[in-house]
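Take a look at the letters that make up each chain.
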Amino acid sequence: MQHDFIINTENVNGYNYRILTDGIDYTQYERNPVVLYLHDRDSYRNKGTEVIGRCLKLFKKDSQLIATIEFDENEPFAKTIADKVAGGFIRMASMYAEVIAASSEPELVLPGQLYETVTKCKLVEISIVPIGGNDDALKLSKNDGNVKLNKLNIKKEDMSELKTIALALGKSADASESVLLDTITQVKLEASEAATAKAKVLELEAEIKGIRLSGATVLVDQAIKLGLIPEALKASQLGAFENDFKGQTAILSKLITDKETANGGTQHKVKEVVLAGKSTTGVVEADVKESFDYLQKHDTVKLAKIREEDPTKYAELAKAYANGVRYTK
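Residues numbered from 1 in each chain as written. Predicted model: local features only at pLDDT ≥ 70, side-chain atom pairs only at ≥ 80, totals over all residues. Heavy atoms only, no water.

Colleague: What exactly am I supposed to notice about the pattern of salt bridges here?
Modeller: Opposite charge on two side chains permits them to pair, given that their charged atoms come into close proximity. For the coordinates displayed, the defined rule picks out 5 salt bridges. One salt bridge connects Glu70 with Arg54, and the closest N-O pair in it is separated by 2.8 Å. On the criterion of sequence distance, the pair formed by Glu70 in strand E6 (residues 64–71) and Arg54 in strand E5 (residues 51–61) is long-range, its members being 16 residues apart. Since its relative accessible area comes to 48%, Arg54 is described here as partly exposed. (Salt bridge = Lys/Arg side-chain N within 4 Å of Asp/Glu carboxyl O. Helix = DSSP H or I, 4+ residues; strand = E, 2+ residues; numbered from the N terminus. Buried < 20%, exposed > 50% of the residue type's maximum accessible area, 1.4 Å probe, protein only.)

Colleague: Got a minute to help me understand the side chain of Arg18 in this structure?
Modeller: The residue Arg18 is located in strand E2 (residues 18–19) in this model. The side chain of Arg18 is buried and forms no salt bridge, while Glu10, the nearest opposite charge, is found at 4.2 Å. Non-local contacts of Arg18, meaning those with residues more than four positions away in its chain, are made with Glu10, Asn11, Val12, Leu108, Leu110, Gln113, Glu116, Thr117 and Val118. (Lys, Arg positive; Asp, Glu negative; His and termini not counted. Contact = heavy atoms within 4.5 Å.)

Colleague: When you look at a negative patch on the surface in this model, what are you seeing that I'm missing?
Modeller: Together, Glu308, Glu309, Asp310 and Glu316 make up a negatively charged patch on the protein surface. Here Glu309 is to be found in helix H8 (residues 300–309). (Patch = residues over 30% accessible without salt bridge, like charges linked within 9 Å, V, L, I, M, F, W, Y side chains within 5 Å. Areas by Shrake-Rupley, 256 points an atom, 1.4 Å probe, with all protein chains shown as cover. Charge placed at Lys NZ, Arg CZ, Asp CG, Glu CD.)

Colleague: Can you help me understand the nonpolar core in this one?
Modeller: Soluble globular proteins: nonpolar side chains tend toward being buried together. Formed by 31 residues in total, the largest nonpolar core has its most connected members in Leu58, Phe71, Ile126 and Ile128. Every element with two or more residues in this core is listed here: strand E1 (2–8), strand E4 (34–37), E5, E6, helix H1 (76–86), strand E7 (92–103) and strand E8 (117–129). Of the residues forming this core, the biggest block, 5 residues, is contributed by E8. Excluding its chain neighbours within four sequence positions, the residues that come into contact with Phe71 are Met1, His3, Phe5, Ile52, Gly53, Ala78, Ile81, Ala82, Val85 and Ile128. (Core = buried A, V, L, I, M, F, W, Y, C linked by side-chain atoms within 4.5 Å.)

Colleague: What should I look at first to understand the packing of aromatic side chains in this one?
Modeller: Under the criterion given, the structure shown has 3 aromatic pairs. Taking the centre distance of 5.8 Å and the plane angle of 70° together, the rings of Phe292 and Tyr314 count as edge-to-face. Of this pair, Phe292 sits in helix H7 (residues 292–298) while Tyr314 sits in helix H9 (residues 311–322); the two residues are 22 residues apart in sequence, bridging distant segments of the chain. The pair Phe292 / Tyr314 is uniform in exposure class, with both members buried. (Phe/Tyr/Trp six-rings, centres within 6.5 Å; stacked < 30°, edge-to-face > 60°.)

Colleague: Explain H1 here, please?
Modeller: Given 3.6 residues per turn, any residue in an α-helix points the same way as the ones three and four places further on. All buried positions along H1 are accounted for by Ala78, Ile81, Ala82 and Val85. End-on, the buried residues of H1 take up no more than an arc of 100°, which puts them together on one face. Buried residues belonging to H1 abut E1, E4, E5, E6 and E8. Between the side-chain oxygen at the start of H1 and the backbone nitrogen of Phe77 there is a gap of 3.1 Å, and the oxygen is on Glu75. Directly beyond the C-terminal end of H1, a positive phi value near 80° is found at Gly88. (Arc of directions from axis to C-beta. Polar contact = N/O pair within 3.5 Å; in protein donor to acceptor, adjacent residues only side chain to side chain.)

Colleague: How should the packing of H8 against H9 be read in this particular structure?
Modeller: Two numbers describe a pair of packed helices, the interaxial angle and the distance between the axes. Contact pair H8 / H9: the axes reach a minimum separation of 5 Å and the direction vectors enclose 125°. Between H8 and H9, the angle falls in the class oblique. Within the contact between the two elements, H8 uses Leu303, Ile306, Arg307, Glu308 and Glu309 and H9 uses Pro311, Lys313, Tyr314 and Leu317. (Axes fitted to C-alpha atoms, helices over the stretch in contact; angles between N-to-C directions. Parallel < 35°, antiparallel > 145°, perpendicular 65-115°, else oblique.)

Colleague: Explanation requested: the environment of Leu114 in the structure shown.
Modeller: Along the polypeptide, Leu114 turns up in the loop between E7 and E8. Residue classification places Leu114 among the partly exposed residues on the basis of a relative accessible area of 38%. Through-space distance from the C-alpha of Leu114 to that of Asn150 is 8.8 Å; in sequence the pair is 36 residues apart.

Colleague: Help me understand a nonpolar patch on the surface in this model?
Modeller: Taken together, Leu228, Ile251 and Leu255 make up a surface patch of nonpolar side chains, about 240 Å² in accessible area. In this fold, Leu228 is placed in the loop between helix H3 (177–225) and helix H4 (234–243).

Colleague: Could you clarify how one ought to interpret unusual backbone geometry in this entry?
Modeller: Trans peptide bonds make up most of the peptide bonds, and negative phi angles are found at most residues other than glycine. For Leu38, which is not glycine, the phi dihedral falls at a positive 60°. Its location among the elements puts Leu38 in the loop between E4 and E5. Looking at Leu38, the relative accessible area reads 45%, which means it is partly exposed. In the Ramachandran plot, Asp62 falls in the positive-phi region, its phi being about 60° despite a non-glycine side chain. Along the polypeptide, Asp62 turns up in the loop between E5 and E6. Taking relative accessible area as the criterion, Asp62 reaches 76% and is therefore assigned exposed.

Spatial relationships are all this shows, so hold off on functional conclusions.
Here it is as structure tokens:
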């Protein structure tokens, strides 16, 4: 009678530790693949019925170690256990192994684990058991004595990490996890809002740049028409506006005004065209020195500070400028 038993998985067992399947050395065991009942061996009370079967094959499937076990049905006690297994009354097997190495490395620790992870061990025997720690129950032994796995210090490490996070968030070192989570959520929300405001600022800056280009084009075309600038220099003249919009506007506007006056023509409100963007109508005058127009002309440092520290306000100022708000003395 043969049955396959899961000998080990890599889950946390009922004793709050786990063993890595790849770390199980069963080379020696395969030379003497005994199967016992309840790990009953090496006792002065031996009755000669300790070995109830043998392991025909050990093989790995994913992270599991599986044993194919054959029972000695010629022996009455072994036959009794075999019948209970066949009837589904006993379903578990357990390894008896010598621990060679264990680790407390965090990457090897799973939720619910309290003791070190066994990374290497030597398989001594396999037993059929009515109740095991779990599907991969492992009874540890070494030199016929008990081996004690060190308890993990996970909680202390976690608390240390939480303390560091709390201080980084400007909270007290003993802040609760729920407080930290709420703070992190708020920080994420504020970051999202800041990103949205920054995107709006970039959009408005692009709009302002378009308005300036439109106004500069009006001036340059008028200057070309009046013979102040040759057509070939139009592109370079527009480039000059990008570097010094305010200065170029003042210079070219005066040249155009003087030329039109000298020609006896009607003076155009070219400057207003530039400032309004598309027409001479709808220009809003603002006496407040907090306008985008005033700050870009007289206090670029303050304007840059507003952009960095208060992107929402910067966006509002830029939008007002795009809508024609100007500062007038």
